[in-house]
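A look at the structure
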Amino acid sequence: MAIRATVSRFPIDADAQEAGGLPWGVTVSPFSTTDEHGTAPVYGSEGHLLPRCENCWAYFNTYCELEQWAWNCSLCGTLNGLTSQAIARYSHPQSCAEMMSSFIDLEIPVDGSEEEAMQARPVYVAAVDLSSSEEFLELTKSALLAALEALAPGSLFGLATFSHKLGLYDIQGPIPVVKNVFIPPELDGTAPMELEDVMPLLSFLAPVETCKDRIAAALETLKPTTSWERTTAAGQGLEGVFLGGRGFGVAMEALFNYLGSEYGNTFALARVFAFLSGPPDYGAGQLDTRRYGEQYASKGEDADRALLPEQTPFYKDLAAVAVQAGACVDIFAVTNEYTDLASLKFLSIESGGSLFLYSNTDDSTLPQDMYRMLSRPYAFGCVLRLRTSSEFKPGRSYGHFFPDPQYENVQHIICCDSYATYAYDFEFANTVGFSRHSEPPVVQIAFQYSVIVPPQEISNSKLISASRHNYSVQRRLRIRTLQFGTARNFTELYDSVDSEVVLSILVHKVILASLEQGVREGRVLLHDWLVILTAQYNDALKLGQHGNGNLTVSHVDVAFSQCPQLQPLPRLVFALLRNPLLRFHEEGVHPDYRIYLQCLFSALDPSSLNRAIYPVLTSYANPDKQAYPRHSLSRAALLTSGSPIFFLDAFTTLIVYYSSTADPSLPFPPPHDCLLRTTINKLKQERSITPKLMFIQGGQDDATAFENYLIEEQDVDGNGLTSIMGFVSFLEEITQNKQTEDSQSGYMVRRRRLRKLLSPQDCKQKQTEDSRSGIHGASFKLSPDKKLLGASKCAL
C-alpha cells in the first residue's frame, strides 16, 4: 500500500493552508505490493481479532500507547480496554504483526462454511461486437488467444457475441454451437427471454485447461454481420433512416443478469471483456452520435462542455447491475468514429474495470494489453476506508470506485490491481488546527479485499477433477497507519512538497471542473492556481521589493529558485495546459480521446502521471552509454547537449530518436543487447499498459511524432489560448498576472478561484446529494443483503 502526501509536513491550521496555496491530500495505491519506500507489509492472521477504538473505530497500530490493560487510540486519543485474549496475545509482541509494523496485512475468516469458501473459480466472459469489420475481429481473436495464455488453469471462460442479436457459444462439445437471442429494437426493450433458459450457465462457461483448443476454434467462426442482415433485422427508422445493429446495452444487461444468478456460488468474481467497434446504435442504450459535430455547432453550444457529460443515465444504471452481479467490465473500443465514451465509461470504471481506446487495428496493442492485464495479480470485493485524527478529515475522494450508499468515507472497488490509485484531499475539522501541544496528525487506511488462491501442490500427485473446487477465496485486511509532522512556517511547508502528488491532485480537480463547467474553466482554474501560488510564495518568503507602492517585476521569483521542491510545478502546469486533456475542441482533440485520458490519468500513480504529463527525455552518447539523464522538452536542449541519440518516455509512447547529425556508424535501430534496449524493456515490463515503441532517424524519417512532445517550443499563453508564447513567455505572463493579483480587486477574484479549486466542501456536498465521487461517481442503490455490502462493510 503506497501512500504519498502533497506535503509531508501538514499546514498548522486552515489559515496556513490557504496562505500556502497548495492542495492538501494524499494518493493511495492500496494493492501495491510495497509501500512508497519499497517496504513490504508484515503478514499475519486473525485480522478479526485486531482491537478497534470504541470511539472512532480506528484499528490498533504501533503509534498507539499500550498499557497493561488498555491502549490509547493514536487517532482520537480514546482510552480503550483490552480483552483477556488481546492481553495474552500482546504478551508476545514478536508474534503479532500489528506490534511489529504500522503496515500490516492480516488474513480474516471468510463468511460461510468451508465448502462455500472454496467456490472460487475465476470466470471470464468475452462479449464481441459482430457489427464490425474483418480487421476488428482478427484483432479481437488475437487478443483473446493472448488472454487464454494468461489465464490460470481452473478458470472458466465464456464467449458471447452481439449485434442485432445476442449469441451464446457452447464450446465444451467437439463442435462450437451458438444459440442466438434477437434483441428488440425498442429503446426500452430487454432480452425477450432469460439466457439461463437459452443455455445453462455451466454449459456456457467452459474450463480453460480442457477447452482451450475448442475456444480457439470457436473464435475462428466469428464473422461480421452483413449490412443487409443488420438493416433487415432492424427495419427502417424515422424518416427513412436505417437503424443500426449494435445492441450493446441490451446484450450487457442480459449477460450481467445471466452471471448474477450464480454470483457467490459458481464464482466470486466475473470479468467481462467488451469489444466495441463503434457506438451502440440499436435497442436500449443506443447513443445519438449526431451530438458530435454539426449539431452543437449549429446551436452555438460549447462542444468542450457539451460532449463531456453523459447523454443518458443508461450505462451508469447498468453499472449498478454489473456490481450486483459481481462483474468487472473492461471496455476495449477499437474505432476512430465518435463512440460517446462519456456515456459508456461508467460501465467500466464504476465496476472496477478499465477503458481502452485504440484508433485503428494496424498498430493496436490490444493483444499485449490483454495479456499484461490478466497476468498481474488483482484483488476483488474490496472495501477502502480512510480515517484521520480528529483535527482534520477527508474532503473529496477521487478514483475508479463507487461510494458506499450508507457509510461516509467508505468506497467499494469490485476489482483492484497493484497499479490502481485513488486520491483524497483534506480539510480542517475546526478552526484550531494542529496546536503546538497536540499529537502529530495521523492517517489510517484500511483495505479489506479478497484474492483467489490456487490449490497447493499435492504431495501424492492425486489428480484434482476440473469439476471440483481448485481455488479458494482468501479474505484479507491490509492496514497502513502514518504519522505526519506539521510545518511551523512556510519554509518548512514548501520544503516538504511532493510535486508529483500535487500534480496528481490538481489533475483530479481540473477534470472535475471540466466535467461540471467545461474545459475552458478547468484551464482558467489551473492557470490561476499557479499565479496565486507564485504570489503566496513570494509574499511568504518576502522576495518582492516594493518601490513607490509597486512591486518590481525583476524581483518576482516565478521559478521558485529558493525552493527546489516547488521548481517542477511551473513546467508541469505548462505541460498540463498543452496536454489533450485540457486542449480545446477546435485544436483537434477528439472528445472520446479526452474521455479516455480522463479515465487513464485519474487511475495512475503520481510518478506515472507525472511522466504522462511531462515526458522524460534522456540522451545517449551511444546505445550503451547514457549521456544525460534528463533534458527539458525543447529543441534548444537537443542542440546544446550534443548527444546523437535521445530517448523519450511519455508513458503511453516510447520514442528513440537519432539526431540528423548522429554518426552514421551508430547502429540504427539500437541492438537488442544494448543498455538503451534493456532500459526500454524494463520500462515496458513495469508499465500498466503497453506503450507504443517508435524508432525515428532524423533527416530520413518523419520526426513529427517526436517533435510534438517538445512542448516547450509550442505555444500557450497564460489564459490557455493559443499564441506565439512558449514556456519562457509563459513564465513572464505568470509574473505579469502576479502583479495584477497584487491589486485588491485582482486579489479577491483570484482568491475566490483558489478556494473554488482547493476547497473540498462544494464537491463533498454534491457527493452527499447524489452519491457521486470524483469524476467516476455513481448513484447506486445496492441491496444490503448482497455479499458486496454485507459483513465486510460493517467490519471496516
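In the annotation of an unreviewed UniProt entry, the protein chain is listed under the name Zinc finger protein and assigned to Macleaya cordata.

Scanning the protein chain from terminus to terminus reveals 28 helices and 31 strands. When the 796 residues of the protein chain are sorted by exposure, 57% land in the buried category. Here the analysis covers contacts within the protein chain between residues at least 6 apart in sequence; of these, 76% occur between residues at least 24 apart. Counting only carbon and sulfur atoms, one obtains 50% of the accessible surface of the protein chain, whose full area is about 32200 Å².

A complete count under the given rule lists 25 salt bridges for this structure. The shortest N-O distance in the salt bridge between E98 and R89 comes to 3.0 Å. In this pair, the class of E98 matches that of R89, namely buried. Put simply, E149 and K212 hold a salt bridge, and the shortest N to O gap is 3.9 Å. Note that E149 is positioned in helix 5 (residues 134-150) and K212 in helix 8 (residues 208-220), a separation of 63 residues in sequence. By relative accessible area, E149 is classed as exposed at 52%.

Moving on, we come to the packing of aromatic side chains. For the structure shown, the criterion picks out 35 aromatic pairs. Ring geometry for F60 against Y90: centres 5.1 Å apart, planes inclined by 25°, an arrangement best described as stacked. Taken together, the positions of F60 in the loop between strand 4 (42-44) and strand 5 (65-66) and Y90 in helix 2 (residues 84-90) put the pair 30 residues apart, joining distant regions of the chain. According to the relative accessible area criterion, Y90 is buried, its value standing at 8%. Ring geometry for Y657 versus F706: centroids 4.3 Å apart, planes at 10°, classification stacked. Taken together, the residues span a long stretch of sequence, with Y657 in strand 30 (residues 653-658) and F706 in helix 24 (residues 704-707) at a distance of 49 residues. Per residue, the accessibility class of Y657 equals that of F706, and both read buried. Members of the aromatic cluster, each reached through a chain of ring pairs, are F10, W24, F392, F426, F428, F434 and F484. The ring of F103 has R480 lying over it, and the distance from NZ or CZ to the ring centre is 5.5 Å. Sitting over the face of the ring of F584, R523 holds its NZ or CZ atom 5.0 Å from the ring centroid.

This paragraph deals with helix 19 (residues 568-578). Judged by how many residues are buried, helix 19 sits mostly within the fold: nine of 11 residues are covered. Buried within helix 19 are the following residues: L569, P570, L572, V573, F574, A575, L576, L577 and R578.

Quick look at the sheet that holds strand 7 (residues 79-81) now. If you walk across this open sheet you meet the three strands as 5-6-7, and the pairing is antiparallel. Since the sheet does not close on itself, it has two edges, and those belong to strand 5 and strand 7, each with one partner. Summarising the sheet, strand 6 (residues 70-72) and strand 7 pair through three bridges and their orientation is antiparallel. Each residue of the ladder has a partner; that of N72, found in strand 7, is L79.

Below, the discussion takes up the pairing of strand 18 (residues 392-398). Residues in a regular strand project their side chains so that they alternate between the two faces of the sheet. With six of seven residues buried, strand 18 is to be regarded as a mostly interior element. In terms of strand pairing, strand 18 meets strand 21 (residues 422-428) through five bridges, oriented antiparallel. Counterpart to S397 in the pairing with strand 21 is Y424.

So, on to the nonpolar core. Membership of the largest hydrophobic core comes to 189 residues, with the highest contact counts inside it found for F157, M252, F256, F275, M370, F601 and F706. Of the residues forming this core, the biggest block, nine residues, is contributed by helix 10 (residues 248-260). Dropping the residues within four chain positions of it, F601 is found in contact with V507, N579, L581, L609, A612 and I613. The next biggest cluster of nonpolar side chains, apart from the first, holds 24 residues, and it includes L50, Y90, I104 and I108.

Let us look at helix 15 (residues 366-375). The element helix 15 is extensively covered by neighbouring structure, given that seven of its 10 residues are classed as buried. For helix 15, every residue scored as buried is listed here: L366, P367, D369, M370, R372, M373 and L374. Where helix 15 is buried, its residues meet strand 9 (123-129), helix 5, strand 14 (270-276), strand 15 (327-334), strand 16 (355-358) and helix 23 (675-686).

Per-residue pLDDT for the protein chain has a mean of 83; in total, 82% of the residues score no lower than 70. Confidence, expressed as mean pLDDT per element, reaches its minimum in the protein chain at helix 27 (residues 761-770) with 40 and its maximum at strand 1 (residues 2-5) with 97. This model gives residues 716-724 a pLDDT under 50, and the stretch forms 26 contacts once residues within four places in sequence are excluded. Here residues 762-794 scores under 50 on pLDDT; set against residues more than four positions off or in separate chains, the count is 95 contacts.

In this section: the environment of L145. Along the polypeptide, L145 turns up in helix 5. Linking L145 and I215, residues 70 residues apart in sequence, is a C-alpha distance of 8.8 Å. Contact partners of L145, with chain neighbours within four places excluded, come to A216 and L219.

A few words on the sheet that holds strand 20 (residues 410-417). In space, the seven strands of this open sheet follow the order 4-8-23-22-17-20-19, with mixed pairing throughout. Two strands lie at the open edges of the sheet, namely strand 4 and strand 19 (402-403), each paired on one side alone. Two elements, strand 17 (residues 378-388) and strand 22 (residues 442-453), share seven bridges in a ladder whose sense is antiparallel. Pairing of L386 across the sheet is with I445, part of strand 22.

Turning our eyes to something else, we now look at the state of the cysteines. Under the defined criterion, the tally for this structure stands at zero disulfides. The thiol of C76 is not disulfide-bonded; the next cysteine sulfur, from C53, is found 3.5 Å away. Since its relative accessible area comes to 25%, C76 is described here as partly exposed.

Moving on to the packing of helix 17 (residues 499-517) against helix 18 (residues 519-540). Contact geometry for helix 17 and helix 18: axes closest at 7 Å, N-to-C directions at 145°. You can see that helix 17 and helix 18 cross each other, and the crossing is right-handed. Across from V502, L506, V510, A513, S514 and Q517 in helix 17, the residues of helix 18 making contact are V519, E521, G522, L525, L526 and W529.

This paragraph deals with the environment of G326. By the secondary structure assignment, G326 is in the loop between helix 13 (314-324) and strand 15. Owing to a relative accessible area of 3%, G326 belongs among the buried residues under this scheme. Residues G326 and F267, 59 residues apart in the sequence, show an inter-C-alpha distance of 8.8 Å.

Before going further, it helps to examine unusual backbone geometry. Residue P669 is bonded to the preceding F668 through a cis peptide linkage, with omega at -10°. With respect to the helices, strands and loops of the structure, P669 is situated in the loop between strand 30 and helix 23. Within the chain, D340 stands out as a residue other than glycine whose phi angle is a positive 60°. Structurally, the position occupied by D340 is in the loop between strand 15 and helix 14 (341-349). By relative accessible area, which is 0% here, D340 ends up buried. For F651, which is not glycine, the phi torsion reads 70° and is therefore positive. Topologically, F651 is positioned in the loop between strand 29 (645-649) and strand 30.

This brings us to the packing of helix 5 against helix 8. Close contact between helix 5 and helix 8 brings their axes to 11 Å; oriented N to C, the two are set at 175°. Between helix 5 and helix 8, the crossing angle belongs to the class labelled roughly antiparallel. Across the interface between the two elements, K141, L144, L145, L148 and E149 from helix 5 touch V208, K212, I215, A216, L219 and E220 from helix 8. Classifying every residue of the contact of helix 5 with helix 8 gives seven nonpolar, no polar and four charged.

Rules used throughout
- Residues numbered from 1 in each chain as written.
- Predicted model: local features only at pLDDT ≥ 70, side-chain atom pairs only at ≥ 80, totals over all residues.
- Heavy atoms only, no water.
- Helix = DSSP H or I, 4+ residues; strand = E, 2+ residues; numbered from the N terminus.
- Buried < 20%, exposed > 50% of the residue type's maximum accessible area, 1.4 Å probe, protein only.
- Contact = heavy atoms within 4.5 Å.
- Areas by Shrake-Rupley, 256 points an atom, 1.4 Å probe, with all protein chains shown as cover.
- Salt bridge = Lys/Arg side-chain N within 4 Å of Asp/Glu carboxyl O.
- Phe/Tyr/Trp six-rings, centres within 6.5 Å; stacked < 30°, edge-to-face > 60°.
- Lys NZ or Arg CZ within 6 Å of the ring centre and 35° of its normal.
- Pairing = 2+ DSSP bridges.
- Core = buried A, V, L, I, M, F, W, Y, C linked by side-chain atoms within 4.5 Å.
- pLDDT = per-residue confidence, 0-100.
- Disulfide = S-S within 2.5 Å.
- Axes fitted to C-alpha atoms, helices over the stretch in contact; angles between N-to-C directions.
- Left-handed = near helix turned anticlockwise from the far one by under 90°.
- Parallel < 35°, antiparallel > 145°, perpendicular 65-115°, else oblique.
- Nonpolar A, V, L, I, M, F, W, Y, C, P; charged D, E, K, R; others polar.

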